[in-house]
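# Reading the structure
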Amino acid sequence: MARRPLIAGNWKMHKTVAEALALVRDLKRLVAQVRDCDIAVAPPYTALFPVAKAIEDSNLRLAAQELFYENKGAFTGAVCGPMLEEVGCHYVIVAHSERRQLFGETLVTSGKRVKAAFAAGLTPIFCIGETLAERQANDTMKIVAAQLDAGIEGLPAATLRRLVVAYEPVWAIGTGVVATPQQAQEVHQMIRERLRARDPEAAATIPLLYGGSVKADNAKELLAQTDIDGALVGGASLDAESFAGIVKAASVRTRGQ
Ligand code: 13P
């Protein structure tokens, strides 16, 4: 079963509508020829709808950065899966470490969000990763495994197979300190094995993205690792040339096993 690479840009709280439209206009042109790699952009909520219209005729897909797990109700400030699906989202990022650290998301709510995303017809990009203190305490594998288990708990195999997982070590996010390809591969391999124990087909089909200070000049080596199928990119996705450089590093081959 082949796994297509996926390069997703998480814009975080950057870009007005006008800036977002300028960025996707340039990006569309730069990656128009790419056929062997999935590409997604995750603008802030305010820019989702205009960006959806702007990329309709392109090979870019839309992602949201977050969703709440209820579908309606008195949840001030929250946005649900069906609303995201309606404005044209294909993916939604779930449980990003900034949501866990700054907005009180827990292991339990990450599982609810993954399920809510699937229920709305969205593909969750489920984020897991250890802090620096956890790595230094040699707890990386234990922490990441527990986060993975919480996010996929209770998912039927057929649903699980449609998940995307992003390993984002917290110490590598926005710091310029990228995990070495070996450090990332080690964790990705553990994630793949854990998925295989649940369902061999899920292990074969789920793209495992690496995130944390990915740039055009380090992407190739990371993506050359057996179990790294793509990237979730923060800072370098805010500039069309640098994001396109990462897409091109990924588009050299379709991965498989
Ligand atoms: P940076 O690429 O800026 O390190 O951010 C990674 C990230 O958090 C993507 O979700």
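Residues numbered from 1 in each chain as written. Predicted model: local features only at pLDDT ≥ 70, side-chain atom pairs only at ≥ 80, totals over all residues. Heavy atoms only, no water.

## Considerations on the packing of aromatic side chains
In total, this model carries three aromatic pairs according to the counting rule given. Their ring planes at 35 degrees and their centres at 4.4 Å tell us that Phe68 and Tyr69 sit as a pair that is tilted. Overall, Phe68 belongs to the buried group, its relative accessible area being 17%. Classification of Tyr69 by relative accessible area gives partly exposed; the value is 23%. One aromatic cluster in this structure is built from Phe68, Tyr69 and Phe75. Sitting over the face of the ring of Phe103, Arg99 holds its NZ or CZ atom 4.0 Å from the ring centroid. (Phe/Tyr/Trp six-rings, centres within 6.5 Å; stacked < 30°, edge-to-face > 60°. Buried < 20%, exposed > 50% of the residue type's maximum accessible area, 1.4 Å probe, protein only. Lys NZ or Arg CZ within 6 Å of the ring centre and 35° of its normal.)

## Considerations on the nonpolar core
Ranked by internal contacts, the top residues of the largest apolar core, which has 72 residues, are Ile7, Leu84, Leu163, Ile191, Leu195 and Tyr210. The element best represented in this core is helix α12 (residues 240-250), accounting for seven residues. If you look at the next biggest cluster of nonpolar residues, it comprises 13 residues, including Leu6, Ala40, Ile93 and Cys127. (Core = buried A, V, L, I, M, F, W, Y, C linked by side-chain atoms within 4.5 Å. Helix = DSSP H or I, 4+ residues; strand = E, 2+ residues; numbered from the N terminus.)

## As for α12
For α12, every residue scored as buried is listed here: Ala240, Phe243, Ala244, Ile246, Val247, Ala249 and Ala250. In this fold, the buried residues of α12 make contact with β2 (6-10), α1 (17-31), β3 (38-42), α11 (216-223) and β9 (230-233). One side-chain oxygen of the residue at the start of α12 lies 3.2 Å from the amide nitrogen of Glu241, identifying that residue as Asp239. (Contact = heavy atoms within 4.5 Å. Polar contact = N/O pair within 3.5 Å; in protein donor to acceptor, adjacent residues only side chain to side chain.)

## Some words on the packing of α1 against helix α2 (residues 45-54)
Their axes nearest at 9 Å, the elements α1 and α2 cross at an angle of 30 degrees. Crossing handedness for the pair α1 and α2: right-handed. On the side of α1, the interface is formed by Val17, Ala20, Leu21, Val24 and Lys28, while α2 contributes Thr46, Ala47, Pro50, Val51 and Ala54. By residue class, the composition of the contact of α1 with α2 is eight nonpolar, one polar and one charged. (Axes fitted to C-alpha atoms, helices over the stretch in contact; angles between N-to-C directions. Left-handed = near helix turned anticlockwise from the far one by under 90°. Nonpolar A, V, L, I, M, F, W, Y, C, P; charged D, E, K, R; others polar.)

## Things to note about the pairing of strand β7 (residues 164-167)
Neither face of β7 is left uncovered, since the one carrying Val164 and Ala166 and the one carrying Val165 and Tyr167 both have all their residues buried. Sheet topology places strand β6 (residues 123-128) next to β7; four bridges connect them, and they run parallel. Bridged to Phe126 within β7 is Val165. With three bridges joining them, β7 and strand β8 (residues 208-211) adopt parallel strand pairing. Its bridge partner lying in β8, Val165 is registered against Leu208. (Pairing = 2+ DSSP bridges.)

## Focus: the sheet that holds β9
The strand order around the closed barrel formed by eight strands is β2-β3-β4-β5-β6-β7-β8-β9, and the pairing between neighbours is parallel. Sheet twist, expressed as the mean angle between neighbouring strand axes with direction ignored, is 25 degrees. Across four bridges, the pairing between β2 and β9 is parallel. Note that in β9 the partner of Ile7 across the bridge is Ala231.

## Observations concerning the site of the ligand
Lining the immediate environment of the ligand, one finds 13 residues, of which Lys12, His96, Gly174, Ser213 and Gly235 sit closest. Lys12 places a side-chain nitrogen or oxygen 2.8 Å from an oxygen atom of the ligand. Compared with its free state, where it exposes 310 Å², the ligand has 96% of that area covered by protein. (Near = heavy atom within 4 Å. Areas by Shrake-Rupley, 256 points an atom, 1.4 Å probe, with all protein chains shown as cover.)

## Details of the pairing of β2
With five of five residues buried, β2 lies mostly within the body of the structure. With burial as the criterion, each face of β2 is covered, one bearing Leu6, Ala8 and Asn10 and the other bearing Ile7 and Gly9. In terms of strand pairing, β2 meets β3 through five bridges, oriented parallel. Among the inter-strand pairings, Leu6 is bridged to a residue of β3, identified as Asp38. Traced from β2 through α1 to β3, the parallel crossover comes out right-handed. (Right-handed = clockwise from strand over helix to strand, strands pointing away.)

## Quick notes on empty space enclosed by the protein
One pass over the full model with this rule turns up one cavity of 30 Å³ or more. Size it by volume and the largest cavity reaches roughly 30 Å³. Taken together, Ala95, Arg100, Thr106, Leu107, Ser110, Phe126, Cys127, Ile128 and Gln147 make up the lining of the largest cavity. Taken together, the elements giving at least two residues each to the lining of the largest cavity come down to α5 (107-119) and β6. For the lining of the largest cavity, the leading source of residues is β6, giving three residues. Here the residues of the lining of the largest cavity are counted per class, giving five nonpolar, three polar and one charged. (1 Å grid on protein atoms, 1.4 Å probe; cavity = no way out; pocket = protein on both sides within 12 Å on 5 of 7 lines; lining within 4 Å. Points joined across faces, edges and corners; volume = space filled by probe spheres on them.)

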